[in-house]
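Notes for the structure review
Okay, here's what each chain looks like letter by letter:
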Amino acid sequence: MKIHKNLDSIINSIPIDVKLVAVSKTKPIDQIKLAYDCGQKDFGENKVQELVNKYNSLNKDIRWHMIGHLQRNKVKFIAPFIHLIHSVDSYRLLKEINKQGFKCNRLINILVQIDISNDNSKFGFSYNEFEELVNKNEINSFKNICVKGFMGMASFTDNQKKIGLEFKSLNNFYLKYKDSLKLDTLSMGMSGDYKIAIEHNTNMIRLGSSIFGSR
Ligand SMILES: *Cc1c(COP(=O)(O)O)cnc(C)c1O
């Protein structure tokens, strides 16, 4: 099977401490099952409705990752089961996740999305905005949220050097806060740029098309 081969060659080529999230957005259940049967347990989706439908249809030991922009009014649908939300891009969203975490008595793992590109289309905190949250002690004030680290998407460009610089700066930012905020996750790298991300200390990559084919 093609998915099996793709997964195998990716897993054999990345360091063991880099976690692979298989991005299954737009892909049907049977393709996710094929990946699951190869041992893949972490899957990423970018739309709440699709994520919930897939959660309901598939094995409950799958760890679901929300990687797309999340609207506050939809947090409640994923709060009971989500493994990690990568795309936390505002203070108001943090507050809502905390509220929903409290309601279902969970500590919800999140990553703060940092806008490392200059594409303008990307969501996320700027470095300065995040530092303000830390300085005002607001980042650790949420009892039902565990901040695990950062997620970033590099600019959409062929310029590898530019992508490298963006990943490098996010890694430096991660290292700056890693100990004081007890962070352990740096989510950066997609199919087109994960090899560059690995050079810059990523420990979580989000791959879709290189596993499942183009969308
Ligand atoms: C779609 C998506 C990915 C995977 O993209 P590929 O290029 O198919 O690997 C990774 N991260 C985010 C946030 C995405 O939306």
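What comes next concerns the included structure. The model shown is predicted, which means the values in this text are computed figures rather than measured ones.

Parameters and conventions
- Residues numbered from 1 in each chain as written.
- Predicted model: local features only at pLDDT ≥ 70, side-chain atom pairs only at ≥ 80, totals over all residues.
- Heavy atoms only, no water.
- Buried < 20%, exposed > 50% of the residue type's maximum accessible area, 1.4 Å probe, protein only.
- Helix = DSSP H or I, 4+ residues; strand = E, 2+ residues; numbered from the N terminus.
- Pairing = 2+ DSSP bridges.
- Phe/Tyr/Trp six-rings, centres within 6.5 Å; stacked < 30°, edge-to-face > 60°.
- Disulfide = S-S within 2.5 Å.
- Polar contact = N/O pair within 3.5 Å; in protein donor to acceptor, adjacent residues only side chain to side chain.
- Contact = heavy atoms within 4.5 Å.
- Near = heavy atom within 4 Å.
- Nonpolar A, V, L, I, M, F, W, Y, C, P; charged D, E, K, R; others polar.
- Axes fitted to C-alpha atoms, helices over the stretch in contact; angles between N-to-C directions.
- Parallel < 35°, antiparallel > 145°, perpendicular 65-115°, else oblique.

Considerations on the pairing of strand S8 (residues 204–207)
The alternating pattern of S8 places Met204 and Arg206 on one face and Ile205 and Leu207 on the opposite face, and all of these are buried. In this sheet, S8 lies alongside strand S1 (residues 19–23) in parallel orientation, the contact comprising 4 bridges. Within S8, the residue paired with Val21 across the bridge is Arg206.

Here we look at the packing of aromatic side chains
Scanning the model with the defined rule gives 9 aromatic pairs in all. Ring centres of Phe130 and Phe173 lie 5.7 Å apart, and the angle between their planes is 70 degrees; on these two criteria the pair is classed as edge-to-face. Taken as a pair, Phe130 in helix H6 (residues 127–135) and Phe173 in helix H7 (residues 160–177) lie far apart in primary sequence, 43 residues in all. Relative to Phe173, the ring of Phe150 lies with its centre 5.3 Å away and its plane at 40 degrees, an arrangement referred to as tilted.

Let's talk about unusual backbone geometry
Within the chain, Asn105 stands out as a residue other than glycine whose phi angle is a positive 55 degrees. Phi at Lys182 takes a positive value of approximately 55 degrees, unusual for a residue other than glycine. Turning to its location among the elements, Lys182 is positioned in the loop between H7 and strand S7 (185–188). Exposure remark for Lys182: the relative accessible area of 70% places this residue in the exposed category.

Section: the state of the cysteines
Applying the stated rule across the entire model yields 0 disulfides. Cys104 supplies the cysteine sulfur nearest to Cys146, a cysteine that is in no disulfide, at a spacing of 15 Å. Taking relative accessible area as the criterion, Cys146 reaches 23% and is therefore assigned partly exposed.

A closer look at the side chain of Gln40
With respect to the helices and strands, the residue Gln40 is situated in the loop between helix H2 (29–37) and strand S2 (42–45). Here Leu20 takes part through its backbone oxygen, which lies 2.9 Å from a polar atom of the side chain of Gln40. Here Gln40 is in contact with Leu7, Ile11, Leu20, Val21, Ala22 and Ala35, once residues within four sequence places are set aside.

Concerning the environment of Gln49
Within the secondary structure, Gln49 is located in helix H3 (residues 48–57). Gln49 gets classed as exposed once you look at its relative accessible area, which sits at 56%. Remark: the alpha-carbon pair of Gln49 and Ile110, spanning 61 residues in sequence, is separated by 19 Å.

Remarks on the site of the ligand
Residues in close proximity to the ligand include Val23, Lys25, Ile67, Met153, Met190, Ser191, Arg206, Leu207, Gly208, Ser209 and Arg215, which together make up its full environment. In this structure, an oxygen atom belonging to the ligand sits 2.7 Å away from a side-chain N or O atom of Arg215. Residue composition of the shell around the ligand, by class: 5 nonpolar, 3 polar and 3 charged.

Re the packing of H6 against H7
Direction vectors running N to C along H6 and H7 enclose 5 degrees, while the axes themselves pass 12 Å from each other. Here H6 lies roughly parallel to H7, going by the angle between them. Counting all contacts with H6, which are made through Tyr127, Phe130, Glu131 and Val134, the residues of H7 involved are Glu166, Ser169, Leu170, Phe173, Lys176 and Tyr177. Looking at side-chain class alone, the contact of H6 with H7 contains 6 nonpolar, 1 polar and 3 charged residues.

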